[in-house]
Amino acid sequence: MSSSTLSAVTTPATSPIATPTTNRSTRQVMASKRDSGGQQTQRRSSSRSIKRKKFDDEVVESSITYPKIQRSRTLSTTTAVSTGGKGGPVMTTIASPLPLTAPALTPTPEPVLKKSKPVATVSSKRRRYRNAHNNALKDIGRWKPSDDLALVIAVQQTNDLECVYQSVKFSCKFTLQDIEDRWYALLYDATIAKVAVAAMRQLHPDVIAQVHSKAIFSEAEENVLKSVLSTSQPSSDTFDQLLLKHSDVFLPQRTAKSLSTHWTLLKHYHLLPDQTVHPLPRHEEVINFCDAEEIIDKELQHQMPALYGSKDEALQQELLFGDRKTKREIRLLENEIPKWQVLVDSITGVAPSDFDNQTLAVLRGRLVRYLMRSREITLGRCTKDSVVDVDLSLEGPASKISRKQGIIKLQPNGDFIIANTGKRPFYIDSKPVLGAGSCLKINNNSVVEIAGLRFVFLINQDLIAAVRAEALKNQM
């Protein structure tokens, strides 16, 4: 080697192999260039990619482990500085034992580092918030300000979204999931909450008062109402005193009338502390034909599910024949019930007879018994302006019953006809009698259901038989 060439070995003298310490040192190339002024400049370059924040899908993909690439460490690198005849010193990287014409360095692929998974709680919170936000935006046109106000008041009263779903009547039919999404959106979505609060503040005072009047009674309010005994006859002054004494418990919009209505409901359903559940009346203990048929069907489905689901025609015909025979026997037994009932009553003397010589029929409820002693009677709710023959408010809550709800009339042939003269429908043996003008035949032991109140219609068979005989004589 001549004196004009100066070689310098960069590897440690104790090891013939140069081990790169970092990725940056293995990819750096030192090259000297001579510029026009004769000065030596050095340029550093790197093949590393610019780091950027990864999205969720990339984070999941980067968490997949790949086999690490083993880098070859069999070459030793030397750097020699040589001076040419015309130019300045030139640095050349030599890989031994390869010839000097080999490339200085080859870029080594960067091993893929294993990324730790993101915290599950953060992603789940984001996903839950995003789902609630999307559901709230989807139903934003269905929720009215009055619905939001009713939802907020009901949750404050009960602290139970399921109870709100079962008790509150909104402008639209919302599911339990819709109510939960809307409530969470009002709590955690600042944009939706701001718009909803602004809309609720713009509601008319009459609408706000109406929503408050329909608010659910809280448990504390019901406990105060239960302090009034069922045996007492509370007046409006009694409930006014409750409002004054427990003003911190009741809502400011509560009135004595609303308290009286709710107390009447508690009394009707035997929810007051001093009440006990009474056994059913004697006439309701006798099973009727419809209930017996339903019980038989359920037992057959439970005992023979395979036979019930079979499509064999012969089997179906046999089952149909047996069903008809059973129903015929039930009808015969039901017809014999009054005969045996008279014998039992005469022996035991437990229950007096419901009929006399002037009673055509009886409309019997749980608390009150109405006697029909004329050929035509009116059903409804007595007020100051109108009076009816049968005041249904004596049986229970009658706020949804019209003042003149219906008419029961005895036909010349001995049949009873009930007609609807009110706005709301009622039911005879589960058959609806719709608006004004609709009528239906009513039989003995028929169940009459009017606005949640149930009655049993009993006919004086002996007196009706006499009426029919008289009608036949007149026709002849």
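Bear in mind the structure is a predicted one, so any value in this text is a computation, not a measurement.

**Structural notes on the overall build of the chain**
Then step 1. In terms of helices and strands, the chain carries 16 helices and 16 strands.
Then step 2. Across the 476 residues that make up the chain, the buried fraction comes to 26%.
Then step 3. Contacts spanning at least 24 positions in sequence make up 52% of the contacts within the chain whose residues lie at least 6 apart.

**So, the side chain of S446**
Then step 1. Tracing the chain through its elements places S446 in strand β15 (residues 446-450).
Then step 2. Within the local environment of S446, its side chain forms a polar contact with the side chain of D429, the two groups lying 3.2 Å apart.
Then step 3. Polar contacts involving the side chain of S446 include one to the main-chain carbonyl oxygen of N443, which spans 2.9 Å.
Then step 4. If we ignore the near neighbours within four places in the chain, the residues touching S446 are I428, D429, F455, V456 and F457.

**Quick look at the sheet that holds strand β11 (residues 416-420)**
Then step 1. Here 5 strands make up an open sheet; going across it, the order is β9-β8-β10-β11-β14 and the pairing mixed. Looking at which strands have only one partner, the edges of the open sheet turn out to be β9 (390-391) and β14 (439-442).
Then step 2. The pairing of strand β10 (residues 404-410) with β11 spans 5 bridges and is antiparallel. Residue pairing for β11: K409 is matched across the bridge by I417.

**Quick look at the nonpolar core**
Then step 1. Grouped together as the largest cluster of nonpolar side chains are 26 residues, with contacts concentrated most on L363, L379, I408, F416, V448 and F457.
Then step 2. If you tally residues by element for this core, the top one is strand β16 (residues 453-459), at 4 residues.
Then step 3. Sequence-distant contacts of I408, defined by excluding residues within four places in its chain, comprise M372, R375, E376, I377, L379, F416, I417, I418 and F457.
Then step 4. Counting 22 residues, the second largest nonpolar core, distinct from the first, contains W143, V168, I179 and M200.

**Quick notes on the packing of aromatic side chains**
Then step 1. If you walk through the whole model with that rule in mind, you get 7 aromatic pairs.
Then step 2. Summarising the aromatic geometry, the rings of Y370 and F455 are spaced 6.1 Å apart at their centres and angled 65° between planes, so their arrangement reads as edge-to-face. Of this pair, Y370 sits in strand β7 (residues 369-372) while F455 sits in strand β16, and the two are 85 residues apart along the sequence.
Then step 3. When its relative accessible area of 1% is taken as the criterion, F455 is described as buried.
Then step 4. A network of ring pairs unites the aromatic residues W143, F170 and F174 as a single cluster.

**Some points on the pairing of β10**
Then step 1. Across 5 bridges, strand β8 (residues 376-380) lies against β10 in antiparallel orientation. From the neighbouring strand, E376 faces β10, where its bridge partner is K409.
Then step 2. The hairpin turn running from β10 into β11, its antiparallel successor, is 5 residues long, and G414 in that turn takes a positive phi close to 95°.

**Re the sheet that holds strand β12 (residues 426-428)**
Then step 1. A sheet is described by the order of its strands in space; here 6 strands give the open sequence β7-β6-β16-β15-β12-β13, paired in antiparallel fashion. Here the strands that pair on one side only, and so sit at the sheet edges, are β7 and β13 (431-433). If you compare each strand with its neighbour and ignore which way they point, the axes differ by 25° on average.
Then step 2. Where β12 lies against β13, 3 bridges are found, and the strand directions are antiparallel. Across the sheet, the residue bridging to F426 is V433, located in β13.

**Let's talk about the pairing of strand β6 (residues 361-364)**
Then step 1. Pairing analysis gives 4 bridges linking β6 to β7, with the strands arranged antiparallel. Bridging across to β7, R364 finds its partner in R369.
Then step 2. Hairpin connection, β6 to β7: the antiparallel pair is bridged by 4 residues.
Then step 3. As paired strands, β6 and β16 are joined by 4 bridges and run antiparallel to one another. For V362, the partnering residue across the bridge sits in β16 and is L458.

**Some words on helix α16 (residues 461-475)**
Then step 1. Counted at 1.5 Å a residue, the expected span for α16 with its 15 residues is 21 Å, and the 21 Å between its end C-alpha atoms agrees.
Then step 2. Within α16, the full set of buried residues consists of I464, V467 and A471. For α16, the buried positions fall inside an angular range of 55° around the axis, keeping them on one side. For α16, the exposed residues lying more than 90 degrees away from the buried face are D462, L472 and K473.
Then step 3. Buried residues belonging to α16 abut β10, β11 and β16.

**A few points about a positive patch on the surface**
Then step 1. Together, K169, K214, K400 and R424 make up a positively charged patch on the protein surface.
Then step 2. As for its placement among the helices and strands, K214 is situated in the loop between α8 (205-213) and α9 (219-225).

What counts and how
- Residues numbered from 1 in each chain as written.
- Predicted model: local features only at pLDDT ≥ 70, side-chain atom pairs only at ≥ 80, totals over all residues.
- Heavy atoms only, no water.
- Helix = DSSP H or I, 4+ residues; strand = E, 2+ residues; numbered from the N terminus.
- Buried < 20%, exposed > 50% of the residue type's maximum accessible area, 1.4 Å probe, protein only.
- Contact = heavy atoms within 4.5 Å.
- Polar contact = N/O pair within 3.5 Å; in protein donor to acceptor, adjacent residues only side chain to side chain.
- Pairing = 2+ DSSP bridges.
- Core = buried A, V, L, I, M, F, W, Y, C linked by side-chain atoms within 4.5 Å.
- Phe/Tyr/Trp six-rings, centres within 6.5 Å; stacked < 30°, edge-to-face > 60°.
- Axes fitted to C-alpha atoms, helices over the stretch in contact; angles between N-to-C directions.
- Expected span 1.5 Å × (residues − 1).
- Arc of directions from axis to C-beta.
- Patch = residues over 30% accessible without salt bridge, like charges linked within 9 Å, V, L, I, M, F, W, Y side chains within 5 Å.
- Areas by Shrake-Rupley, 256 points an atom, 1.4 Å probe, with all protein chains shown as cover.
- Salt bridge = Lys/Arg side-chain N within 4 Å of Asp/Glu carboxyl O.
- Lys, Arg positive; Asp, Glu negative; His and termini not counted.
- Charge placed at Lys NZ, Arg CZ, Asp CG, Glu CD.

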